[in-house]
Amino acid sequence: MTEQTHEIRLHVNGVPHTATVPARRLLSDCLRHDLGLTGTHVGCEHGVCGACTVRLDGLPVRSCLMFAVSAQGHEITTVEGMAAPDGTPHPVQRAFRECHGLQCGFCTPGFLAVVAAFLEENPDPTEEQAREAVGGNLCRCTGYQNIVRSVLRAAELAREHPGAEPPGAGAAAEGGRA
Amino acid sequence: MTTPTPRTPVPVHSPREAPSPVHSPREAPPSPASSTPGGVGSSPRRPDGTLKVTGEFAYSSDMWMDDMLWGATLRSPHPHARIRGIDVTGAVRMPGVHAVLTHEDVPGEKRYGLEYRDQPVLAFGKVRYRGEPVAIVAADHPETARRALDRVRVDYEVLEPVSDPVRAAFDPDCPLVHEAGEDLPPAHPAHHRSGNRVRYQPVRTGAFADGATAAEVRALADVVVTGEYQVGMQDQAFLGPESGLAVPAEDGGVDLHIATQWLHVDQSQIAPCLGLPPEKVRLTLAGVGGAFGAREDMSMQVHACMLALRTGRPVKIVYNREESFHGHVHRHPARLRYEHGATRDGRLVYATAEIVLDGGAYASTTAAVVGVASSLGLGPYEIPHARVDAYGVYTTNPPCGAMRGFGAVQACFCYESQLDRLAAELGLHPVELRIRNAMSEGSRTATGQRVDMPLPMADMLRRAREMPMPPERAAAGPVDVRALPGGVANTSRGEGVRRGVGYGVGLKNLCFSEGFDDYSTARVRLEVVGGEPAVQVHTAAAEVGQGLVTIKGQIARTELGVERVTVLPSDTRVGSAGSSSASRQSYMTGGAVRAACLAVRARVFELVRAAGLVGDDHPDELLGLAGGKVVSGARGVLVSLADLLGASAVEETREFRHRATEMLDPTTGQGASHTQFGMCVHRAVVDVDVDLGLVKVVALDAVQDVGRVLHPQQLAGQIQGGSAQGLGLALMEEIQVSGSVIRNPSFTDYLIPTILDVPPMRIEVLEHPDPHAPYGLRGAGEPPTLSSTPAIVAAVRAATGRPLSRIPVRPEDIVGIERD
């Protein structure tokens, strides 16, 4: 193929990566295919389902709606980088597992990214707020009730362990699990 | 590990809701070693949960090999056309392209099919639906593969589509989708296959069995209600699109890593198409991103294997979402006509139903769907005179097959709508009318099958009616628009919003029906690892998200009294487990795991006896396994498994079958065709903006009998997930097909409920054990998908007074705008 490509540098889960991609390469495809980070899932390819959500400088973004080249200079956190450097799972990860907030699990990484960012903004949400927080993500298995539970439980867990560093705030800079 | 509390009420409710415990009105028989932590009845965490929250769980779309090629599929742009020629030269010449294959390259059988082999691996002669695979390409990059598809030239002679299923069923002049002279296998003689009909199944009881006409039977009733109904095409819309990786093997065979619902039935279809013996086509289950029936039929399985065998390289195929909409079967859309007659005091006298199910271009499971729709077409009611005619037809519409609750979902919407109409005519509460006609243990279905297991329908209806109501909307004061139909779109501040309440109840067959030799296989191995007893469980059963992987471990813990259980990946190195469908895996693979565990246990007890640990003075001593030890009822611990087994292992493989079922009589539809019945009752509360036709479901509460709860937390997930899919069918989910073409193949245009569409769901679970089933359990996945739809539509009717005879209900149906 004669298409022009670009050498890009991406900072993902605290680790610098380089990739050679055409300008139109989606961030989701770049993460999955060029960097091998397949924890980010692609469900609809156009920003509806939210399965591909990652965090960009802490904010949740749909990686299927962003070009990889535009992600340069930003700190990207994927599901692979949510755990603490010592491998301790993030409270949101623990809560989804504990509360059966997942079945097939395909949508889960997107929910985790959204919920982790939400709880940093709102560490003690009401159930209503928890529901709204995940209103933009699709889950086909659970009927969402256990996801709401997981959000509230994650808030509890985070309060129980206030020392746990939030992801995406540069916390994974030292030795994230890429 | 959670401490098991099998008989303690377990709260299953939305967070911060008032608790709504799982009731256990009747004790299930205790299991021999149910005290093992993480055993049956407790809620241990799912073993794949950690990988699924860390991103390490490998879905089929995540498979990767460094030297792999990418496959892509050329699909027909026409729903119905004759293929005059295919020219692949332009594609073959493209740099990076390694293979371009058409029907001429299929090494073996040219057709496959889940129940009836009528579907071409790659189209030849004709294409019969838009999106039918015509050619496949393998290239070094997915984009190269897709570009190569553009260079394949197919010369089509476009034919008139066969889009109307009713015409396909009844018009002798309707063009045939599968023309005479095609070399198709013989159909089952009892299916009345003819013309475009895949199967016709009548059911006749009472006077109808003696040849009475509808007019004659109608004279027996005081009140008659009739209805014509339509059910739209629903998509399973799993989130992980179809994908797989085929790896050529040195022995000339192929290893396929695939997301499927039934490894062995894939294998049995793939191998003949490849011209290989089954043992050379080995399948391993890759991570499955949801299924709901859509993965029961094959998608790219044969294609990936063909490309891998041709190129000698691993080949990966991943569908995108639009391709996925064309790449799997959907729920059968249906046209249905019902008539019910009752006495003035609300006793059903007769009912008739004519059900036409649109199977689309290929048979898939259409015959089985007809079997369910006919046998359960009138629902869980005592009806002296019944007449059902169910048809499944070929059209050139997208192929339809399995989706959660198939055949029963379509019928349930109609018979429940009929019961509501009848209740209105009679001035009875809908629940009261249902209770007066409710089936129970000992009742006979319309097919004459006696219900020989508990069916506490009347009790379930009463419980649903008595569940606490959500609070009324405040008549005055500040308005929270988020709680109103339209939500933050701020389309109403409460004006024009009316509340309605509706009920639904459905009856679903569980496990496979109609004489199918339904079985599952499990291999269980007990050995000592690191000084501790450990169990391995190996089956071919597909974990599709439902949590079977957890259940298998729970059963092994309970039966062997060993906490450390490893569930091996599912593959074809062990015998078939049957499909992860028909709500059957807890019953069937659960039953197989239990049987294999019991065989292992018997072997352990033989070792105990051989070691002389059972004295002559205790010949009939009752032995058990608990806490990793062999225990005697009388004398306590006899020996630890670690000491007894040492370096040896005990391994047993067992097949488990449910009791035999019968074919339906082809003329009368009589026969004990089903294994087990499941039931769920829903009560829905909705707020409807009657000006704009917008609906907000305020509550969707369920009562379900599951015989025995194996895992309370996962069970709640099944009921809530199934209820949400029923909500989708009621209000928003429809593949819109016109001229046999799908008009909305994306998640922008095919709407799936979000959390903002799904209300808190209260669940009450009953445990009346089925004496025929392992642990007394009843399959749980499908029943909630039946009853939530009619409950919601009934609630919308109650709020609006509109007849609403079509699902999904559209805004224009609510506000009363006619549509052509």
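All figures in this text were calculated on a predicted structure; none of them were measured in a lab.

## Some details on the overall build of chain B
Of regular secondary structure, chain B possesses 19 helices and 33 strands. With the principal axes as the frame, chain B shows a C-alpha extent of 80 × 75 × 65 Å. Within the span of chain B, comprising 820 residues, buried residues form 65% of the whole. For chain B, restricting intrachain contacts to residue pairs at least 6 apart in sequence, the fraction spanning at least 24 positions comes to 80%.

## Considering the pattern of salt bridges
Applying the stated criterion to the full structure yields 56 salt bridges over all chains. Residue Asp687 of chain B pairs with Arg473 of chain B through a salt bridge whose shortest N-O separation is 3.6 Å. One end of the pair, Asp687 of chain B, is in strand β28 (residues 676-689); the other, Arg473 of chain B, is in the loop between α13 (457-466) and β20 (497-510), with 214 residues separating them in the sequence. A salt bridge links Glu655 of chain B to Arg657 of chain B, with the shortest nitrogen-to-oxygen separation between them at 2.9 Å. The exposure class assigned to Arg657 of chain B is partly exposed, which follows from its relative accessible area of 39%. Sharing partners across several salt bridges, the network here consists of Glu98, Arg153, Glu156 and Glu160 of chain A together with Arg45 of chain B.

## What about the side chain of Asn196 of chain B?
All names here are of chain B. Looking at where Asn196 falls in the secondary structure, it is placed in the loop between α4 (165-170) and β9 (197-204). Owing to a relative accessible area of 2%, Asn196 belongs among the buried residues under this scheme. A polar contact of 3.0 Å, which involves the side chain of Asn196, links it to the backbone oxygen of Pro175. Leave out the neighbours within four places in its chain, and Asn196 touches Val162, Ala168, Cys174, Pro175, Leu176, Val177, His178, Gly392, Val393 and Tyr394.

## Some remarks on helix α3 (residues 108-121) of chain A
Count 3.6 residues to each turn of an α-helix, and residues three or four apart come out pointing the same way. For α3 of chain A, with 14 residues, the first-to-last C-alpha span of 20 Å sits near the 20 Å given by 1.5 Å per residue. When you tally the buried positions in α3 of chain A, you get 12 out of 14 residues, the bulk of the element. For α3 of chain A, the full list of buried residues reads Thr108, Pro109, Gly110, Phe111, Leu112, Ala113, Val114, Val115, Ala116, Ala117, Phe118 and Leu119 of chain A. Check the buried side of α3 of chain A and you find it contacts β3 (53-56), β4 (59-62), α2 (91-98), α4 (127-133) and α5 (145-160) of chain A together with α1 (49-54) of chain B.

## Looking at unusual backbone geometry
Residues and elements named next belong to chain B. A cis amide bond links Ile807 with the next residue in sequence, Pro808, at an omega value of -5 degrees. Phi is positive for Ala237, close to 50 degrees, though the residue is something other than glycine. Tracing the backbone through its elements, the reader meets Ala237 in the loop between β10 (223-231) and β11 (243-248). Its identity as a non-glycine residue notwithstanding, Asn490 has a phi of 60 degrees, on the positive side. With respect to the secondary-structure elements, Asn490 resides in the loop between α13 and β20. The class of Asn490 is partly exposed, set by a relative accessible area of 42%.

## Quick notes on the environment of Ala540 of chain B
Residue and element names in this part refer to chain B. Tracing the backbone shows Ala540 in the loop between β22 (532-538) and α14 (548-560). According to the relative accessible area criterion, Ala540 is buried, its value standing at 2%. Setting aside residues no more than four positions away along its own chain, Ala540 makes contact with Leu263, His264, Ser570, Asp571, Val574, Gly575 and Ala577.

## Things to note about the UniProt feature "domain: Aldehyde oxidase/xanthine dehydrogenase a/b hammerhead" (unreviewed entry) in chain B
UniProt's feature table lists "domain: Aldehyde oxidase/xanthine dehydrogenase a/b hammerhead" (unreviewed entry) at residues 54-160 of chain B, given in the numbering used throughout. In the segment residues 54-160 of chain B, helix accounts for 13% and strand for 36%; the C-alpha atoms at its two ends are 51 Å apart.

## A short note on the environment of Glu242 of chain B
Residues and elements named next belong to chain B. Counting through the fold element by element, Glu242 comes out in the loop between β10 and β11. In this view, Glu242 contacts Arg295, Ser299, Met300, Ile317, Val318, Tyr319, Ser324, Gly327 and His328; residues no more than four positions away in its chain are not counted. In this structure the side chain of Glu242 is engaged in a polar contact, spanning 2.8 Å, whose partner is the side chain of Ser324.

## A word on the domain arrangement of chain B
Here chain B is described as being made up of domain 1 (1-58 + 519-657), domain 2 (63-159 + 239-290 + 295-327) and domain 3 (410-511 + 672-815). The C-alpha-based centres of domain 1 of chain B and domain 3 of chain B are spaced at 34 Å.

## Points about the packing of helix α11 (residues 408-426) of chain B against helix α18 (residues 783-800) of chain B
Residue and element names in this part refer to chain B. Across the interface, α11 lies against α18 with an axial gap of 8 Å and an inter-helix angle of 35 degrees. Of the two possible hands of crossing, α11 and α18 adopt the one that is right-handed. Only Thr785, Leu786, Ser787, Pro790, Val793, Ala794 and Arg797 of α18 make contact with α11, whose side of the interface consists of Ala408, Val409, Cys412, Phe413, Glu416, Ser417 and Asp420. Partitioning the contact of α11 with α18 into residue classes produces eight nonpolar, three polar and three charged.

## What about the packing of helix α17 (residues 712-731) of chain B against α18 of chain B?
All names here are of chain B. Packing of α17 against α18 brings their axes to within 7 Å, and their N-to-C directions diverge by 45 degrees. For the element pair α17 / α18, the angle class is oblique. Two packed elements cross with a definite hand, and for α17 against α18 that hand is right-handed. Side by side, α17 and α18 meet where Gln718, Ile719, Gly722, Ser723, Gln725, Gly726, Leu727, Leu729, Ala730 and Leu731 of the first sit next to Pro784, Thr785, Ser788, Thr789, Ile792, Val793 and Val796 of the second. Its residues assigned to classes, the contact of α17 with α18 shows nine nonpolar, eight polar and no charged.

## Description of the sheet that holds β3 of chain A
All names here are of chain A. The strand order β2-β1-β5-β3-β4 describes an open sheet built from five strands, whose pairing is mixed. Strands at the two margins of the open sheet, each flanked by one partner only, are β2 (15-22) and β4. On average, each strand axis in the sheet is tilted by 45 degrees relative to the strand beside it, whichever way the strands run. Across two bridges, the pairing between β3 and strand β5 (residues 75-77) is antiparallel. By the bridge assignment for β5, Leu56 is matched with Ile76.

## Side note on the side chain of Arg683 of chain B
Residues and elements named next belong to chain B. Note that Arg683 resides in strand β28. The buried category is assigned to Arg683, whose relative accessible area is 0%. At a separation of 2.8 Å, a polar atom in the side chain of Arg683 contacts the main-chain carbonyl oxygen of Met467. Excluding anything up to four places from it in sequence, Arg683 contacts Ala464, Arg465, Met467, Pro468, Met469, Pro470, Val501, Gly502, Tyr503, Ala699, Leu700 and Asp701.

## Some points on the packing of aromatic side chains
Across all of its chains, the model carries 16 aromatic pairs over all chains by this definition. Where Phe96 of chain A meets Phe111 of chain A, the ring centres are 6.5 Å apart and the plane angle is 45 degrees; that geometry is what we call tilted. With Phe96 of chain A in helix α2 and Phe111 of chain A in helix α3, this pair connects stretches of sequence that are 15 residues apart. Like Phe111 of chain A, Phe96 of chain A is buried. A centroid spacing of 6.0 Å and a plane angle of 75 degrees characterise the contact between Trp64 of chain B and Trp70 of chain B, whose relative ring orientation is edge-to-face. Given a relative accessible area of 40%, Trp64 of chain B falls into the partly exposed group. Stacked on the ring of Phe512 of chain B, the Lys or Arg Arg584 of chain B has its end atom at 5.1 Å from the ring centre. The ring of Tyr775 of chain B carries Arg594 of chain B above its face, with NZ or CZ at 4.0 Å from the centroid.

Cut-offs applied
Residues numbered from 1 in each chain as written. Chains lettered and ligands numbered in written order. Predicted model: local features only at pLDDT ≥ 70, side-chain atom pairs only at ≥ 80, totals over all residues. Heavy atoms only, no water. Helix = DSSP H or I, 4+ residues; strand = E, 2+ residues; numbered from the N terminus. Buried < 20%, exposed > 50% of the residue type's maximum accessible area, 1.4 Å probe, protein only. Contact = heavy atoms within 4.5 Å. Salt bridge = Lys/Arg side-chain N within 4 Å of Asp/Glu carboxyl O. Polar contact = N/O pair within 3.5 Å; in protein donor to acceptor, adjacent residues only side chain to side chain. Expected span 1.5 Å × (residues − 1). UniProt positions renumbered as here; feature names shortened; annotations may be inferred. Domains from an automatic or database assignment. Axes fitted to C-alpha atoms, helices over the stretch in contact; angles between N-to-C directions. Left-handed = near helix turned anticlockwise from the far one by under 90°. Nonpolar A, V, L, I, M, F, W, Y, C, P; charged D, E, K, R; others polar. Parallel < 35°, antiparallel > 145°, perpendicular 65-115°, else oblique. Pairing = 2+ DSSP bridges. Phe/Tyr/Trp six-rings, centres within 6.5 Å; stacked < 30°, edge-to-face > 60°. Lys NZ or Arg CZ within 6 Å of the ring centre and 35° of its normal.

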